[in-house]
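# Breakdown of the fold
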Amino acid sequence: MLKKISTEKAPKAIGPYSQAIASGDMLYTSGQIALSPVTGALVGTTIAEQTEQIMQNLAAVLEAAGSSFDKVVKTTCFLADIADFAVFNEVYGKYITSAPARSCVAVKALPKGALAEVEVIATI
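Residues numbered from 1 in each chain as written. Predicted model: local features only at pLDDT ≥ 70, side-chain atom pairs only at ≥ 80, totals over all residues. Heavy atoms only, no water.

## Side note on the overall build of the protein
- Helix and strand counts for the protein come out as two helices and six strands.
- Starting at the N terminus, the α and β elements of the protein follow one another as β-β-β-α-β-α-β-β.
- Against the 2.2 N^0.38 benchmark of 14 Å for 124 residues, the protein shows a C-alpha radius of gyration of 13 Å, consistent with a compact globule.
- Counting only C-alpha atoms and orienting by the principal axes, one finds that the protein spans roughly 40 × 30 × 20 Å.
- Restricting the contact set of the protein to residue pairs at least 6 apart, pairs at least 24 apart contribute 69%.
- Carbon together with sulfur atoms contributes 57% to the accessible area of the protein, which is approximately 6,400 Å² in total.
- Looking at charge distribution, the protein has the averaged site of its 10 positive side-chain charges lying 7 Å from that of its 11 negative ones. (Helix = DSSP H or I, 4+ residues; strand = E, 2+ residues; numbered from the N terminus. Rg over C-alpha atoms; globule rule 2.2 N^0.38 Å. Contact = heavy atoms within 4.5 Å. Areas by Shrake-Rupley, 256 points an atom, 1.4 Å probe, with all protein chains shown as cover. Lys, Arg positive; Asp, Glu negative; His and termini not counted. Charge placed at Lys NZ, Arg CZ, Asp CG, Glu CD.)

## Overview of the side chain of glutamine 53
- For glutamine 53, the location among the structural elements is in helix α1 (residues 47–64).
- Note on glutamine 53: relative accessible area 12%, which makes it buried.
- Glutamine 53 has contacts with Ala34, Leu35, Pro37 and Val43, leaving out every residue within four places of it along the chain. (Buried < 20%, exposed > 50% of the residue type's maximum accessible area, 1.4 Å probe, protein only.)

## Brief notes about unusual backbone geometry
- One non-glycine residue with positive phi stands out, namely alanine 99, at about 55°.
- Backbone geometry at lysine 112 places phi at a positive 60°, although glycine is not the residue there.
- Mapped onto the fold, lysine 112 is located in the loop between β5 (101–106) and β6 (116–123).

## A few points about α1
- Here α1 is 18 residues long and its end C-alpha atoms lie 26 Å apart, about the 26 Å a rise of 1.5 Å per residue gives.
- Residues Ile47, Gln50, Thr51, Gln53, Ile54, Met55, Asn57, Leu58, Ala60, Val61 and Leu62 constitute the buried set of α1.
- As for α1, its buried residues are in contact with β1 (2–5), β2 (20–23), β3 (26–29), β4 (72–79), α2 (85–95) and β6. (Expected span 1.5 Å × (residues − 1).)

## Thoughts on α2
- By the burial criterion, the buried members of α2 are Phe88, Val91 and Tyr92. Buried residues in α2, looked at end-on, bunch into an arc of 100°, giving them a common side. Away from its buried face, by an angle of more than 90 degrees, α2 presents the exposed residues Glu90 and Lys94.
- In this structure, the buried residues of α2 make contact with α1, β4, β5 and β6. (Arc of directions from axis to C-beta.)

Spelled out as structure tokens, the structure:
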């Protein structure tokens, strides 16, 4: 059975999708960019600032589903500029310390001009 996960502590979806979907004991989040849950505006101008907001948004979605960063099994990370990889990793590594599987790629562009986007798969 699929269950939509939604929390006011993370930004509302900006399209026809959910913040996350739970299926059995697995959680699949949509990609999070650095949007403020309050204003919906992009937060920060640097990769460090934006990654911090992304991780806070993901923490809120994980919590709403009864999960946490410790239960993440896979992340997919998208960077607008691969030159931001090292700084992105510094902030990401403060939140995700269990070394799950990960893919990280550079993309041509992200919604709203964001510098990064992260999605996770976790257990509940």
